[in-house]
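# Structural characterization, general
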Amino acid sequence: MSRYAPKKRRRAKGEGGLYQRADGMWMAQVLLPDGKYYQRGRKKYADAVAELAAMRKDLANGILPTPARSPSPSGWTTGWTRSPRHAETRTLATYRSTIKHQLIPHVGSKKLGSSPH
């Protein structure tokens with residue numbers, strides 16, 4: 001059995017797409033009504049085809065994917081400063097102080113990855 005996609009007709013506009021990434025993962029992709037692309041990855045081509053069909057069925061029934069939750073800068077930086085890669089305690093204390101007094105008061109409640117408007 002070949003790991004490559006069988007040669008078939010080209011999909012019509014709006015039917016979604018399948019492609020293989022360089023790491024071998026197959027990606028199923030559909031266009032949402034707001035103009036953004038939604039994609040899911042699968043290891044096998046057949047699984048990606050099934051996923052594409054399920055995504056198209058959900059879109060036809062009006063079921064939109066829920067967006068991933070974006071952390072706030074205060075949540076992200078708190079987790080970042082707790083990471084074990086920071087060895088120097090004085091440096092880490094300076095980072096925590098700067099985050100607490102300068103970053104969080106200004107942008108602490110905003111969501112990361114969201115557009116400014």
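Below is a short write-up of the structure. It should be emphasised that the depicted structure is a prediction, and the values quoted were computed from it without experimental measurement.

## Notes on the side chain of Glu51
Residue position: Glu51 is located in helix H1 (residues 45-60). In terms of polar contacts, Glu51 uses its side chain to reach the side chain of Arg42, at 2.9 Å. Among all residues touching Glu51, those that are not within four sequence positions of it are Arg40 and Arg42.

## Some words on the nonpolar core
Residues Leu18, Trp26, Ala28, Val30, Tyr45, Ala48, Leu52 and Met55 constitute the largest nonpolar core, which totals eight residues. Here this core gets four residues from one element, more than from any other, and that element is H1. With residues up to four places along the chain from it excluded, the contact list for Leu18 reads Arg11, Met27, Ala28, Tyr45, Ala48, Val49 and Leu52.

## Points about H1
With 16 residues, H1 ought to run about 22 Å at 1.5 Å a step, and its terminal C-alpha atoms sit 23 Å apart, in line with that. Those residues of H1 not exposed but buried are Tyr45, Ala48, Glu51, Leu52 and Met55. Down the axis of H1, the smallest arc covering the buried residues is 115°, so these residues share one side. H1 presents Ala46, Lys57 and Ala60 as exposed residues on the side facing more than 90 degrees away from its buried surface. Structurally, H1 contributes buried residues whose contacts are with strand S1 (17-20), strand S2 (26-31) and strand S3 (37-42).

## Section: the environment of His106
Relative to the helices and strands, His106 resides in helix H3 (residues 89-107). Looking at His106, the relative accessible area reads 64%, which means it is exposed. Along the chain, His106 and Pro73 lie 33 residues apart, while their C-alpha atoms are 10.0 Å from each other.

Criteria and thresholds
- As a convention, each chain's residues are numbered from 1 in the sequence order in which they are written.
- The model is predicted, so local features are restricted to residues of pLDDT at least 70 and side-chain atom pairs to those at 80 or more, both for listing and for counting; the totals for chains, interfaces and linings are taken over all residues.
- Excluding hydrogens and water, the side-chain values take into account all heavy atoms of the structure.
- Helix numbering and strand numbering both begin at the N terminus, where a helix is a DSSP run of H or I of at least 4 residues and a strand a DSSP run of E of at least 2.
- N or O atoms within 3.5 Å of each other form a polar contact, as long as, within protein, one can give a hydrogen and the other can take it, and as long as residues adjacent in sequence are counted only when both atoms are side-chain atoms.
- Here a residue-residue contact requires only that any non-hydrogen atoms of the pair lie within 4.5 Å.
- Among the buried residues, those of types Ala, Val, Leu, Ile, Met, Phe, Trp, Tyr and Cys that are joined through side-chain atoms within 4.5 Å form a nonpolar core.
- Burial classes follow relative accessibility: with a 1.4 Å probe on protein chains only, a residue under 20% of its type's maximum area counts as buried, one over 50% as exposed, and anything between as partly exposed.
- In this analysis, the expected span of each helix is defined as 1.5 Å times one less than the number of residues it contains.
- In this description, the arc belongs to the directions extending from the helix axis to the C-beta atoms.

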